[in-house]
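# Examination of the molecular architecture
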Amino acid sequence: MSEAVEALVIGAGPAGLMAAEILSQSGRRVLVVEAMPTPARKFLMAGKSGLNLTKDEPFHAFAQRFILGSGGRLPPHPEGYFDEEESQFGPAEVMAWVRGLGIELFTGSTGRVFPVGMKASPLLRAWLGRLRDGGVELRTRWRWIGGGWRFETPDGPREIRPRVVVLALGGASWPRLGSDATWVPWLKDAGVGVAPFRPANVGFRVSWAAPMARHFGTAVKGTALRAGDLSSRGEWVIGRQGIEGGGVYEISAALRDGAAGQVDLAPDLDRAALAARFSRPKGKLSLGNWLRRVLEDPVKVALLLEWGRPLPGDPAGWADLTKGLPLRHEGPMAIETAISSAGGVTWDSVTKAQELRALPDVFVAGEMLDWEAPTGGYLLTACLGSGLHAGRAAAARLASMAAG
């Protein structure tokens, strides 16, 4: 069975839904198909710990942090939504768009922006309602199986004949939520370049010594992490399998790519002040008890003993080690556990309009493109922005078709 539509969007995450919204605003009939039983599952998962929508900061600062946090790699062809032209879609635009859905926002002490209710579901319900009102049709449990626009559906095989297509199929992280990268061989067969996927915003494996077991699940606070050009003052967690959490994710791109990591266990003290503390007599205290009196934090002491050997023998050496403790790990955790992924459709495979060179009238948006973003609202903002850019380009193509 075959069905004709003007615009087909495959993937009902933030990028796909934004593309559908832009297309519907141009007066087009839009069909969105999603392989999972419900839309935007990864978006909803992100909201379980408080939906960080964007970062409330000037656009230039936002863009520079994005560039730095992605290892210097911007989203493909960012001219349309990631620059200082009128068509940009940065923090201010995200906040205005969310408020337009009737969702109140607040900005935390670090500049991160959240819905007042901290959940993704009210925002998604409002968004889906507005899309329905705009004539967008959503069909779930429709899985793309390649071979043109053929799908497995609850009612059997179906084929769609679209005039334009927006692909927003996600990357390769959290495959159980829908981003399983099954599309890769089909696009490769069509001549599209696809860079291998790698984990981004991910934890790192550590084979801990037995004494560290008492600290599993403990949050590490009041430290600074560094790797390459990246740094973080965020909290992170000691887990059974290694280290994870926001502080680690902020430097994960550099760690993953081979940069050495360091931990400053006392970022608010200089080396001279630390050396003075380490000059305190040890007396009959055990090494652990002496360090606990100096650092006043058993978790920091445990990390110092775990990663600091061979241990120094003088106050200056202890101060240097505390300020630059090597972060020892055995590589990133599996991509299935990562918040996001790097890799995907390569930049040279798409035009500035995010149109696939090998497949005219097919546009690409979201994480299936070869870019990555740091945590803190940057990832979601760029996904929404790339969906907006692809939707505008697809709508313009339909208009040009109508004009003959």
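Quantities reported herein were computed from a predicted structural model and do not represent experimental measurements. Residue numbering note: each chain is counted from 1, following its sequence as written. Note on the predicted model: pLDDT of at least 70 is required for a residue's local features to be given, and 80 or more for side-chain atom pairs to be given and counted; whole-chain, interface and lining totals, by contrast, use all residues. Side-chain numbers here rest on the full set of heavy atoms in the structure, without hydrogens or water.

## Thoughts on the sheet that holds strand β18 (residues 325-327)
Being paired, for any two strands, means DSSP has found at least two bridges between them. Secondary structure counts use DSSP, requiring at least four H or I residues in a row for a helix and at least two E residues in a row for a strand, with both numbered from the N terminus. Sheet architecture is open: four strands sit in the order β14-β13-β17-β18, paired in antiparallel fashion. Strands at the two margins of the open sheet, each flanked by one partner only, are β14 (230-232) and β18. Taken pair by pair, the neighbouring strands of this sheet meet at an average axis angle of 25 degrees, ignoring direction. Where strand β13 (residues 224-227) lies against strand β17 (residues 261-264), four bridges are found, and the strand directions are antiparallel. Bridging across to β17, alanine 227 finds its partner in glycine 261. It only takes one pair of heavy atoms within 4.5 Å for two residues to be counted as in contact. For every element, the axis is a line fit to its C-alpha atoms; helices are fit only across the contacting stretch, and the angle between N-to-C directions ranges from 0 to 180 degrees. Packing of helix α11 (residues 298-307) onto the sheet brings it into contact with β17 and β18, and relative to β18 it is tilted by some 75 degrees.

## Notes on the confidence of the model for the protein chain
Caution applies to low-pLDDT regions: their predicted coordinates should not be interpreted in detail. Residue-level confidence of the predictor is summarised by pLDDT, bounded by 0 at the bottom and 100 at the top. On average, the protein chain scores 91 in pLDDT, and the residues at 70 or more come to 95%. In the model, residues 76-81 has pLDDT below 50 throughout and makes 27 contacts with residues more than four positions away in sequence or in other chains.

## Some details on the nonpolar core
To define a nonpolar core, start from buried Ala, Val, Leu, Ile, Met, Phe, Trp, Tyr and Cys residues and group those joined through side-chain atoms within 4.5 Å. For each residue, the accessible area found with a 1.4 Å probe, counting protein chains only, is set against the maximum for its type, and the residue is called buried under 20%, exposed over 50%, and partly exposed in between. Counting 45 residues, the largest nonpolar core has Leu23, Trp97, Leu123, Trp127 and Val166 as its most contacted members. Among the secondary structure elements, those contributing two or more residues to this core are β1 (2-10), α1 (14-25), β2 (30-34), α4 (91-100), α5 (121-133), β9 (156-167) and α13 (378-402). For this core, the element with the highest residue contribution is α13, accounting for eight residues. Phe204, Val248, Ile251 and Trp318 belong to the second-largest nonpolar core, a separate cluster that totals 40 residues.

## Examining the pairing of strand β19 (residues 340-345)
With six of its six residues buried, β19 lies for the most part within the structure. Looking at chain direction, strand β10 (residues 194-200) and β19 are connected through five bridges and run antiparallel. By the bridge assignment for β19, alanine 200 is matched with serine 340.

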